[in-house]
Structures are given as structure tokens and as C-alpha cells.
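# Observations on the model geometry
Chain by chain, the residues run as shown.
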Amino acid sequence: MTYSLILSYDKLTLSELEEGEQMLVQSAKEAASGAYAPYSKFGVGAAIRLRDGRLFTGNNQENAAYPSGLCAERTLLFYLGAQKLVPHIQALAVFAPRSEGPVMPCGACRQVMYEYESLAQRPWILIFAGGETDLVYRFVGVDNLLPFAFLWRPS
Ligand code: THU
């Protein structure tokens with residue numbers, strides 16, 4: 001038997017997002033300027049909104065020992081994890097100034113997003129943008145980004 005999957009997302013322009021989501025993208029863009037990316041020179045910013053409206057930002061942090069660095073998404077997600085705020089996450093935006101179009105998260109970040117999202121009551125809103133273009137990709141739910149994710153819960 002062969003199965004097919006459908007992954008859904010919206011391709012929009014920035015102005016088609018609701019105001020709060022536009023602001024989240026703007027926060028991610030501003031956060032990218034704080035990236036520590038002297039090796040790749042590819043700064044990335046991430047912004048998260050909690051259900052109570054609080055905003056948090058992060059960016060990629062590289063290291064001369066390359067694999068020791070971390071993407072913007074996980075830098076921010078692990079910070080929120082450390083603050084026990086993960087169950088309150090509502091929306092995440094990512095922006096990379098040097099990306100040709102919307103920047104898409106790496107597989108490791110998608111895996112972390114998947115597990116953290118499972119701790120919230122509702123699917124996350126995920127918005128990706130980048131570079132000079134107004135194009136944004138908007139996803140609802142990490143399963144649209146990572147089918148067949150690994151999820152294991154100790155009993
Ligand atoms: N990077 C992120 O921070 N997020 C992404 O979604 C893609 C890649 C970082 C990792 C590294 O510091 C640089 O971008 C180049 O890969």
C-alpha cells in the first residue's frame with residue numbers, strides 16, 4: 001500500500017498577516033541583528049509570543065568549534081524551556097536577513113519544536129520570512145513541517 005501526505009501552509013505577503021503576527025516577524029528581524037554568526041555570516045532571529053502576549057526573542061550563536069553553535073530557534077526554545085514557559089507558547093516567527101526567501105528551520109529545530117508543541121494545548125503558529133522579499137510562509141502545527149517526527153514519552 002502506498003500512502004501520500006498533505007502538508008498545509010499559507011504563502012502570504014507580510015501585510016496579509018494579522019497585526020500581531022506582523023509584529024512578531026518584525027521582532028524576529030530585529031533579533032537577527034544580535035546573532036553571533038562570525039563564521040557563516042548568516043544571522044537568524046527568532047521571536048516567540050506566549051498566549052498571555054509576552055514576547056521573547058533569540059538568535060543563532062556560533063562557535064569556532066562549529067557543531068557547538070546553535071540555531072536561533074533552539075537558542076530561544078531552550079531558553080523558554082529553562083523558564084518553564086514552553087506550555088504557553090502560541091506563535092513563533094523566524095527571520096534571516098541574508099536568506100533569499102523565507103528561511104526554513106533545520107531538521108533538528110523542527111524536532112525540538114515538535115516535542116515542545118506537544119506540551120501546549122493548541123498547535124503553534126509558525127511564520128518564516130527573510131531577506132528583502134515580503135513573502136512569508138505561515139504554518140499551523142509543527143506536523144506540517146515535520147511528518148513522522150520522533151516522539152517518546154517516558155511512562
Ligand atoms: N540557522 C538558524 O539559526 N536557523 C535556521 O533556521 C537555519 C540555520 C543558523 C545556523 C548557523 O549559525 C547559520 O544559520 C548558518 O547555517
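Everything below is about the structure printed above this text.
Described in the following lines is the structure provided in the data block.

How each quantity is defined
Residues numbered from 1 in each chain as written. Predicted model: local features only at pLDDT ≥ 70, side-chain atom pairs only at ≥ 80, totals over all residues. Heavy atoms only, no water. Near = heavy atom within 4 Å. Polar contact = N/O pair within 3.5 Å; in protein donor to acceptor, adjacent residues only side chain to side chain. Nonpolar A, V, L, I, M, F, W, Y, C, P; charged D, E, K, R; others polar. Helix = DSSP H or I, 4+ residues; strand = E, 2+ residues; numbered from the N terminus. Buried < 20%, exposed > 50% of the residue type's maximum accessible area, 1.4 Å probe, protein only. Pairing = 2+ DSSP bridges. Right-handed = clockwise from strand over helix to strand, strands pointing away. Axes fitted to C-alpha atoms, helices over the stretch in contact; angles between N-to-C directions. Contact = heavy atoms within 4.5 Å. Expected span 1.5 Å × (residues − 1). Arc of directions from axis to C-beta.

Around the ligand, the structure places Ser-40, Phe-42, Val-44, Asn-60, Glu-62, Cys-71, Ala-72, Glu-73, Met-104 and Pro-105. One of the side-chain nitrogen or oxygen atoms of Asn-60 is found 2.9 Å away from an oxygen atom of the ligand. Between the ligand and Ala-72, the relevant distance is 2.8 Å, taken from an oxygen atom to a main-chain nitrogen or oxygen of the residue. Residues belonging to the shell around the ligand are distributed by class as follows: six nonpolar, two polar and two charged.

Unusually for a residue other than glycine, Lys-41 sits at a positive phi of about 55 degrees. You can see Lys-41 is positioned in the loop between helix H1 (19-32) and strand E2 (45-50). At Phe-148, a position not held by glycine, the phi torsion is positive, near 60 degrees. For Phe-148, the position within the fold is in the segment after strand E6 (135-140).

Our next topic: the pairing of strand E4 (residues 89-96). Burial of E4 is extensive: seven of the eight residues sit out of reach of the surface. Pairing of E2 with E4, which is carried by six bridges, proceeds in the antiparallel orientation. In the strand pairing of E4, Ile-48 is matched with Leu-92. In this fold, the crossover linking E4 to strand E5 (residues 125-130) by way of helix H3 (residues 107-117) has right-handed handedness.

Moving on to the sheet that holds E2. The sheet built from six strands is open, its strands ordered E1-E6-E5-E4-E2-E3 with mixed pairing. The sheet terminates laterally at strand E1 (10-13) and strand E3 (55-59), the two strands that pair on one side only. For this sheet, the mean angle separating the axes of adjacent strands, direction not counted, is 20 degrees. Along the sheet face, H1 touches E2, E3, E4, E5 and E6 and points at about 140 degrees away from the line of E2.

With that settled, consider H1. With 14 residues, H1 extends 20 Å from end C-alpha to end C-alpha; this agrees with the ideal 20 Å at 1.5 Å per step. Turning to H1, its buried residues are Glu-21, Leu-24, Val-25, Ser-27, Ala-28, Ala-31 and Ala-32. Looking down the long axis of H1, one finds its buried residues gathered within 155 degrees of arc, a one-sided arrangement. Looking at the buried positions of H1, the neighbouring elements they touch are E2, E3, E4, E5 and E6.

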